[in-house]
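What follows is each chain in one-letter form.
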Amino acid sequence: MCAKKISVDRLQKQAEEIRADIKHLEQVEDVLDEARGELEHELRRAGDALVRAGGRSWDVENRIKELKGNIALNRKDLEENKKQRQEFETHLKNIEQELS
């Protein structure tokens, strides 16, 4: 088998692996988006509970603080995930150009 054929096969295999990685990252993004929506909904509910408690409740205030922290972590994870996916997409595009 010639070296060019081996190189093409290797690039095609790499492209398949990257496509699978991209698909996985897209699924993770969907899960993170859904989780953030749930956290934001819970935050609204906690805000309503705080109003019902007269504006002061140690438990509810701590819950709000915790939810805001979790939302921030979720957004950070989502950004990192998107950045990694974009890097994979760029790499895949380069491989596809090399193959054509």
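For the structure itself, look to the data block above.
So, here is what we can say about the structure in this document. Keep in mind that what you see is a predicted model, and the values were worked out from it rather than measured. (Residues numbered from 1 in each chain as written. Predicted model: local features only at pLDDT ≥ 70, side-chain atom pairs only at ≥ 80, totals over all residues. Heavy atoms only, no water.)

1. Quick notes on the environment of Glu61
Argument step 1. Mapped onto the secondary structure, Glu61 falls in helix α2 (residues 58–99).
Argument step 2. On the basis of relative accessible area, Glu61 is assigned to the partly exposed category, the value being 26%.
Argument step 3. Apart from residues no more than four positions distant in its own chain, Glu61 is found in contact with Leu50, Gly55 and Arg56. (Helix = DSSP H or I, 4+ residues; strand = E, 2+ residues; numbered from the N terminus. Buried < 20%, exposed > 50% of the residue type's maximum accessible area, 1.4 Å probe, protein only. Contact = heavy atoms within 4.5 Å.)

2. A few points about the nonpolar core
Argument step 1. Within the largest apolar cluster, seven residues are counted, these being Leu39, Ala46, Leu50, Val60, Ile64, Leu67 and Ile71.
Argument step 2. Of all the elements in the fold, those that place two or more residues in this core are α1 (3–52) and α2.
Argument step 3. Looking at this core element by element, the count peaks at four residues for α2.
Argument step 4. The contact partners of Ile71, leaving out residues within four places of it in the chain, are Arg36, Leu39, Glu40 and Leu43. (Core = buried A, V, L, I, M, F, W, Y, C linked by side-chain atoms within 4.5 Å.)

3. Focus on the pattern of salt bridges
Argument step 1. Applying the stated rule across the entire model yields 11 salt bridges.
Argument step 2. For Arg85, the salt bridge goes to Glu89, with nearest N and O atoms at 3.0 Å. Here the residue Arg85 and the residue Glu89 both occupy positions in helix α2, the gap between them amounting to four residues, near one helical turn.
Argument step 3. Several salt bridges share partner residues, and in doing so they unite Asp33, Arg36, Glu40 and Arg75 into one network. (Salt bridge = Lys/Arg side-chain N within 4 Å of Asp/Glu carboxyl O.)

4. Some thoughts on the environment of Asn81
Argument step 1. Relative to the assigned elements, Asn81 resides in helix α2.
Argument step 2. Looking at Asn81, the relative accessible area reads 7%, which means it is buried.
Argument step 3. It is 26 Å that separates the C-alpha atoms of Asn81 and Arg44, two residues lying 37 residues apart in sequence.
Argument step 4. When neighbours within four sequence positions are excluded, Asn81 is seen to be in contact with Leu25, Val28 and Glu29.

Just geometry here; none of it tells us what the structure is for.
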